[in-house]
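# Analysis of the macromolecular model
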Amino acid sequence: MNFLSVQNIHHTYFTKASAATALSDISLTVEEGEFVSLLGPSGCGKTTLLSIISSLLKPTQGTVLLENKPVTTTKNQIGYMLQQDYLFPWKTIEENILLGLKLSKQLNDQTRAKAMSLLEQIGLTGVEKQMPRQLSGGMRQRVALVRTLATEPKLLMLDEPFSALDYQTKLKLEDLVSRTLDEFGKTAILVTHDIGEAIAMSDRVYLLSPSPGRIYKTFTMPDELRKISPFEARNHEAFSSIFQTIWKELESLEREKE
Amino acid sequence: MSEKKNKLELLHRNYIQSLIVEKRWVRFYQAIIFIIFFASWEFSSQKQWIDPLLFSSPSKIWNLFLEKINDGTLVNHIGVTLTETVLGFILGTLLGTILAAILWWSPMISKVLDPYLVILNAMPKVALGPILIVALGPGYPSIIAMGAIISVIITTIVVYTSFKEVDPNYLKVLQTFGASRLQCFKEAILPASFPTIISTLKVNVGLSWVGVIVGEFLVSSRGLGYMIIYGFQVFNFTLVFLSLMIIAVFATIMYQLVELLEKKLIKE
C-alpha cells in the first residue's frame, strides 16, 4: 500500500476561447516520510498538480488517494505552503500560527502550547505579539511553515516556498525545512524550477514536460545525498553529475518543443 | 564614539525642531486665511460693499446663534438633523456592506443584479424623495431613508469590488485548512477590505448630509434643512448662513470621528 497514490490525472482548463490541457496522464506514488520534488519549466502544470493533490481543485479525470482514501481539506490532512508567506497582515504572529487550529476547531491549551513550542524550535522566540510586517522575509516564511505544521498535516505541499527569498536566506531555510520535516517524519512534495534545490532536498525528483504537463523522467537521488543536509548536498561530489544529467534532460525538452 | 553619538542626537533634535517649526507655520497660515476671510466678510458687509440682506455678516450670524442657543430652538434643530444624519449614515453603510457581502457570497446573484446596480447608481437618488415621503410618511423615517439611500448603492459597488480584489492566495491558505465560505469571509475578505470600507465611510459622511438636508427641504418642520428653507422663504439669509456653518462644523466632526475609527481599526 502506498502512502499517497496519484492515479491517471488529467486536467483541462476551459475558457470561452479554448480548452487547454494542463496535465495529462500523471501517475505517481509517494511513500510515508519521503520528500519528492516536481521539477519543470514554468507552464508545465506543477501548481495545478499540487492543487489537485491537496483537493483544492477537482481534476477532469483521475483520483488521488491518501492512505487509500480520497483526500479532503476538511480533515487537515494537507498542509500547503505558498510562494510567499501570505501571513495575514492584520493578525499577530500568534494568531497567524493558530489560524489552522482555530478554523478546524482544534484550538485548546495543548495544541496552542505545541504550536508555540514549534515556533521556538524553528528559531523564533519573542515574536508572538508582533505583526508580520515587523519581520523579515525569511522569518515570515518560517512563521508560515509553523502555521502549516501546527495542524499536523500528514502531507506537506511546498509550492516554490523559497523562490521569493534572497539566495542566502533560501539556503538556510532549505536546511531548516529539511531538518524540521525529518524530525517530524513528514511526507512532502516540493514544486520548484530550481534544479539544485530539487536535488539537494529530495529523495526523488519528477521531471515534468510542458504543454500538456506529463511526467517526463524520474530521478532517484543516491543515498549519500539523501542523508546529508541540503547545503552539504550542494557541495557533495555526486551533486554536480546529477545536476548535469537533469540539465541535459531539460535542454532536450526545450529542443523537443522547438 | 560618544562624540559621534552626541552629534547624531543633535542632528535628530534639529530635525524634530524643523518639523515643529514647519507645522507652526502651516497653522499660522491657516489661521490667517480664516481671519482674513471673516474679517473681510464683516468689513465689506458693514461698508455695504456686498448686500448685507443677501450675504449677512459674521457678527449678525453670531448674534443670531447666541439668541437661538438661549431660546433652546437651535439645540433642538441640531439634535434632530444630527440624529437623522448619523442614522442614515450608519444604515447606508451597513446595508451597502451587507449587500456587498451577499453579492460576494453568490456569484449568480451578483451577475443577475449587475445591470440594476449600474442603473440605480446612475440615477439621482434625491429624485426618489417624493416617493419615499408618500411611502414612509412625512417624518423621520423618510428623511433617514433619504440619508441612507443616497449612499447605499455606491457603498455596495465599492465594497463589493474590494471584496473581489482580495488576493486569492489568502483564500487558498484558508481553504487548505478546510475553511468554510463564511470563515473565509470573516478571516480574510472582511478584514482585508477594512481600508476600503473606511474610505467609503468618509465619502458617506458627506452624502448622508446631502440626503438628510434634501429630505428636510421636502418635508420637515424641524432640523437644519428646515432652517435653511425657512430662512430662504422669509428672506432671512442670516439664518441660512447660520445653518450652513453648523452643518460644516458637524460634518467635520463626523469626518474626524471616522478618521479616529480608522486609526483604531487599521493598526498601521
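Everything below is about the structure printed above this text.
Residues numbered from 1 in each chain as written. Chains lettered and ligands numbered in written order. Predicted model: local features only at pLDDT ≥ 70, side-chain atom pairs only at ≥ 80, totals over all residues.

## Focus: the overall build of chain A
Across its full length, chain A holds nine helices and ten strands. When the backbone C-alpha atoms are referred to their principal axes, chain A occupies close to 55 × 45 × 40 Å. Sorting the 258 residues of chain A into buried and exposed places 39% on the buried side. Counting only contacts in chain A whose residues sit at least 6 apart along the sequence, the fraction spanning at least 24 positions is 71%. (Helix = DSSP H or I, 4+ residues; strand = E, 2+ residues; numbered from the N terminus. Buried ≥ 20, exposed ≤ 12 C-beta atoms within 10 Å, placed from the backbone. Contact = placed C-beta atoms within 7 Å.)

## Points about the nonpolar core
Membership of the largest hydrophobic core comes to 114 residues, with the highest contact counts inside it found for M157(A) and I189(A). For I189(A), the contacting residues outside a window of four places in its chain are V30(A), V36(A), L38(A), L50(A), I53(A), M157(A) and L158(A). (Core = buried A, V, L, I, M, F, W, Y, C linked by C-beta atoms within 7 Å.)

## Structural notes on the pairing of strand β3 (residues 35-39) of chain A
Where a strand is regular, its side chains alternate between the two sheet faces. Residue and element names in this part refer to chain A. Taking burial as the measure, the five residues of β3 include five buried ones, the bulk of the element. The alternating pattern of β3 places F35, S37 and L39 on one face and V36 and L38 on the opposite face, and all of these are buried. When β3 meets strand β8 (residues 187-192), the two strands line up parallel, connected through five bridges. Its bridge partner being in β8, V36 is matched across the sheet by I189. (Pairing = 2+ DSSP bridges.)

## Some words on the interface of chain B and chain A
Each partner contributes to the interface: chain B provides 13 residues, whereas chain A provides 17 residues. For the side of chain B that touches chain A, the elements supplying multiple residues, two or more each, are α8 (168-176) and α9 (181-218) of chain B. Its residues placed into classes, the side of chain B that touches chain A shows seven nonpolar, five polar and one charged. (Nonpolar A, V, L, I, M, F, W, Y, C, P; charged D, E, K, R; others polar.)

## Some details on the sheet that holds strand β5 (residues 69-70) of chain A
Residues and elements named next belong to chain A. Reading across from one edge, β2-β1-β4-β5 is the order of the four strands in this open sheet, with antiparallel pairing throughout. Every interior strand has two partners, whereas the edge strands, β2 (19-30) and β5, have only one. Judged from the eight bridges that link them, strand β1 (residues 4-14) and β2 form a sheet pairing that is antiparallel. Along β2, the bridge assignment pairs V6 with L28.

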